[in-house]
Amino acid sequence: MEPLAIKMRPKKLEEVIGQKHLIGENKVLTNLIKNKKIFSMILYGKPGIGKTTIATAIAEELNLKYRMLNAVINNKKDFDVVVEEAKMYGELVVIMDEIHRLNKDKQDLLLPYLESGLIILIGMTTSNPYHSINPAIRSRCQIFELKELTKSDINEALNRAIKVLDDIVIDEECIEYISNISSGDLRYAYNLLEIAYYSSDKIVTLDVLKSISNKPNLFHDKNEDGYYDVISAFQKSIRGSDVDAALHYLARLIEAGDLEIIFRRMSVIAYEDIGLANPSMCLKVEACINACERLGLPEARIPLSKTVIEMALSPKSNSAIMAIDEALNDIRKGNTGNVPNHIKTTSPDYKYAHNFKNHIVKQQYLPDNLKNKRYYNPQDNKNEINLKNINDKIKKILE
């Protein structure tokens, strides 16, 4: 028996849920169908939002022969068979999942047939194709981004699905629960509804749904963009001093159970974004990590929350990372110069700073071509104003 998600898959573009920027009157995909023309394309977006549905609907509406492939699972022999089928039919649509994982051998096999039009490729991926797909493939395809499905989109789809489940008993509260917990993944919503239907003698209640799944469907595949988007949002929220957003993304990472990435990212933020404006934050983050490792989840959420709140509300400075990056930029451009003779290992002319007042002695340390270079530029916060004053005093002594 077909799974509900397959049974509910639209056969026509006009039946597709969501994606109104691509489907509808005078929209690009609808017009392709209207004009009976198709080009190679890549569809990308989160799981369960309609990539496969759109791909198969296009092929079926145009009455074209098509084959489904997976860039990882199917081997080169499978690709050879598809090429021979394309030659036999004169044209073949190849719908390929995980196209961002297509290796060079398979790419080399397909490219000439994409070029000639013998194979029309519809690739699908959750990764950003501009970063993850080989340029040779990407340049031969039109790229379409699919948007996340809204809660009302999921509700519409569930109400359609209810009509094909015989004698189902379900109320609006349960539909809302499924919509909320599915986080825009329609396949997940269909699967949850179907499991609840068959595991409860067709009477779907909130208790039944919660016994199956009481956690939201978070998109946290470590190999995909969605995972890194949440990590990025976590750091940027702290950097931007938005404490509520920082706690939101922290909660998503906690719910995914990934303490290790939280620890690494908090350490980076402490040094990169807070830095010299509040140096003690680095020690606080280390103490928080130690406490979390002893406690484990769920208790680890408490020191994490406390520390992330402090980090978000702390004064910020990126002067340390700016300074080292500028120094590294000089090195990478070859802007180095010779170490001054008087501070070389065997130099008899070196002046030992500790032998002088205030442990400071006037002597050149940077190479001649960089002797007036300034990498560190203090920013306007209490701690760095103090560092600037110390630096100014040192320079005055050396004048």
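Now for a look at the structure at hand. By convention here, each chain's residues receive numbers from 1 onward along its written sequence. In keeping with the predicted nature of the model, local features appear solely for residues at pLDDT of at least 70, side-chain atom pairs appear and are counted solely at 80 or more, and the whole-chain, interface and lining totals rest on all residues. Values shown for side chains rest on all heavy atoms present in the structure; no hydrogens or waters enter the calculation.

### A few points about the packing of helix 13 (residues 243-255) against helix 16 (residues 301-313)
Put simply, the rule is: Axis definition: a line fit to C-alpha positions, over the contact stretch in the case of helices; interaxial angles, taken between N-to-C directions, run 0 to 180 degrees. Put simply, DSSP marks the helices as runs of H or I at least four residues long and the strands as runs of E at least two long, and each gets a number from the N terminus on. Here the word oblique covers every angle except those under 35 degrees (roughly parallel), over 145 (roughly antiparallel) and from 65 to 115 (roughly perpendicular). For any pair of crossing helices, the crossing counts as left-handed if the nearer helix is rotated counterclockwise from the farther one by less than a right angle, and right-handed if it is rotated clockwise. Whether two residues touch is decided by their heavy atoms; if any such pair falls within 4.5 Å, the residues are in contact.
Remark: helix 13 packs on helix 16, axes separated minimally by 9 Å, with the N-to-C direction vectors making an angle of 150°. Of the possible angle classes, the one that applies to helix 13 and helix 16 is roughly antiparallel. Between helix 13 and helix 16 lies a crossing of right-handed hand. Residue-level inspection shows Val243, Ala246, Leu247, Leu250 and Ile254 of helix 13 in contact with helix 16, the latter providing Arg301, Leu304, Ser305, Val308, Ile309, Ala312 and Leu313.

### Section: the sheet that holds strand 2 (residues 66-70)
Formally: In this analysis, strands are considered paired if DSSP registers two or more bridges between them.
Taken in spatial order, the 5 strands line up as 2-3-4-1-5 in an open sheet, and their pairing is parallel. Both outer strands of the open sheet, strand 2 and strand 5 (142-145), are each paired with one neighbouring strand and no more. Between one strand axis and the next, the sheet turns through 20° on average, direction left out of account. Taken together, the 4 bridges between strand 1 (residues 41-44) and strand 4 (residues 119-125) define a ladder with parallel strand orientation. The partner of methionine 41 across the bridge, within strand 4, is isoleucine 122. The strands that helix 4 (residues 76-89) touches are strand 2, strand 3 (92-97) and strand 4; relative to strand 2, the one it contacts most, it runs at about 165°.

### Examining a nonpolar patch on the surface
Worth spelling out the cut-off: Within this analysis, patches are made of residues with over 30% relative accessible area and no salt bridge. Like charges are joined at 9 Å or less; nonpolar side chains (Val, Leu, Ile, Met, Phe, Trp, Tyr) at 5 Å or less. Under the convention used here, a 1.4 Å probe and the Shrake-Rupley method define accessible areas, while residue burial counts only the protein chains that appear. A pairing counts as a salt bridge when a side-chain nitrogen of Lys or Arg comes within 4 Å of a carboxyl oxygen of Asp or Glu. In this scheme, a residue with accessible area under 20% of its type's maximum is buried, one over 50% is exposed, and one in between is partly exposed, where area comes from a 1.4 Å probe on protein chains only.
Together, Tyr350, Tyr352 and Tyr365 give the surface a local cluster of nonpolar side chains, amounting to about 330 Å² of exposed area. Tracing the sequence through the fold places tyrosine 350 in the loop between helix 17 (319-332) and helix 18 (382-398). Note on tyrosine 350: relative accessible area 39%, which makes it partly exposed.

### Considering the pairing of strand 4
Short version of the rule: Call a crossover right-handed when, viewed with both strands pointing away from you, the route from the first strand across the helix to the second goes clockwise.
Burial runs high along strand 4: 7 of the 7 residues are buried. Side chains Ile119, Leu121, Gly123 and Thr125 project from strand 4 onto one buried face, and the interleaved Ile120, Ile122 and Met124 project onto a second face that is buried too. Read from strand 3 through helix 5 (residues 104-116) to strand 4, the crossover connection turns out right-handed.

### Description of the packing of helix 8 (residues 151-162) against helix 10 (residues 186-199)
Threshold: Residue polarity is assigned by list, with Asp, Glu, Lys and Arg as charged and Ala, Val, Leu, Ile, Met, Phe, Trp, Tyr, Cys and Pro as nonpolar; anything else, Gly included, falls into the polar class.
At a minimum axis separation of 10 Å, helix 8 and helix 10 run at an interaxial angle of 35°. Note on packing geometry: the crossing formed by helix 8 with helix 10 is right-handed. Where helix 8 approaches helix 10, its residues Ile154, Ala157, Leu158, Ala161 and Ile162 are matched on the opposing element by Leu186, Ala189, Tyr190 and Leu193. Within the contact of helix 8 with helix 10, the residues separate by chemical class into 9 nonpolar, no polar and no charged.

### Some details on helix 14 (residues 259-274)
For the record, the criterion: To estimate the expected span of a helix, subtract one from its residue number and multiply by 1.5 Å.
The end-to-end C-alpha separation of helix 14 is 21 Å, in line with the 22 Å expected for 16 residues at 1.5 Å each. When helix 14 is considered as a whole, its buried residues turn out to be Leu259, Ile261, Ile262, Phe263, Met266, Ser267, Ile269, Ala270, Asp273 and Ile274.

### Digging into the state of the cysteines
As a reminder of what qualifies: Whenever a pair of cysteine sulfur atoms sits within 2.5 Å, that pair is classed as a disulfide.
Summed over the entire model, instances satisfying the criterion amount to 0 disulfides. We note that cysteine 292 lacks a disulfide partner, and the nearest cysteine sulfur, in cysteine 288, lies 4.0 Å from it. Under the relative-accessibility criterion, cysteine 292 is labelled buried at 1%.

### So, the pairing of strand 1
Of the two faces of strand 1, the one carrying Met41 and Leu43 and the one carrying Ile42 and Tyr44 are both buried. Bridge count for strand 1 against strand 5 is 4 bridges, and the pairing is parallel. Across the sheet, the residue bridging to methionine 41 is glutamine 142, located in strand 5.

### Quick look at the nonpolar core
Note the following rule: Only buried residues count toward a nonpolar core, which is a set of Ala, Val, Leu, Ile, Met, Phe, Trp, Tyr and Cys residues joined through side-chain atoms within 4.5 Å.
Counting residues in each nonpolar core, the largest one holds 51 residues, and the members touching the most others are Leu13, Leu29, Met41, Ile54, Ile58 and Leu193. Among the elements that take part in this core, helix 10 stands out by supplying 7 residues, more than any other. The contact partners of leucine 29, leaving out residues within four places of it in the chain, are Leu13, Leu22, Ile23, Met41, Ile54, Ile58 and Phe144. Core analysis: the next-biggest nonpolar cluster, separate from the first, contains 28 residues, Phe234, Val243, Val285 and Leu304 among them.

### Some remarks on the side chain of glutamate 194
Applicable threshold: We count Lys and Arg on the positive side and Asp and Glu on the negative side, and we leave His and both chain ends out.
The residue glutamate 194 is located in helix 10 in this model. Buried charged residue glutamate 194 carries no salt bridge. Nearest counter-charge: lysine 7, at 6.0 Å. Each residue touching glutamate 194, except ones within four places of it in the same chain, is listed here: Glu2, Pro3 and Leu4.

### A closer look at the pattern of salt bridges
When the charged atoms of two side chains lie near each other, side chains of opposite charge can form a pair. One pass over the structure, following the stated rule, counts 17 salt bridges. A salt bridge links lysine 151 to glutamate 176; the shortest N-O distance between them is 2.7 Å. On the criterion of sequence distance, the pair formed by lysine 151 in helix 8 and glutamate 176 in helix 9 (residues 172-182) is long-range, its members being 25 residues apart. One salt-bridge network, held together by shared partners, links Arg239, Glu272 and Asp273.

### Observations regarding the environment of isoleucine 122
Inspection of the secondary structure puts isoleucine 122 in strand 4. Judged by relative accessible area, isoleucine 122 falls into the buried class, the value being 0%. Once the C-alpha coordinates of isoleucine 122 and glutamate 156 are considered, the two residues, 34 residues apart in sequence, prove to be 27 Å apart.

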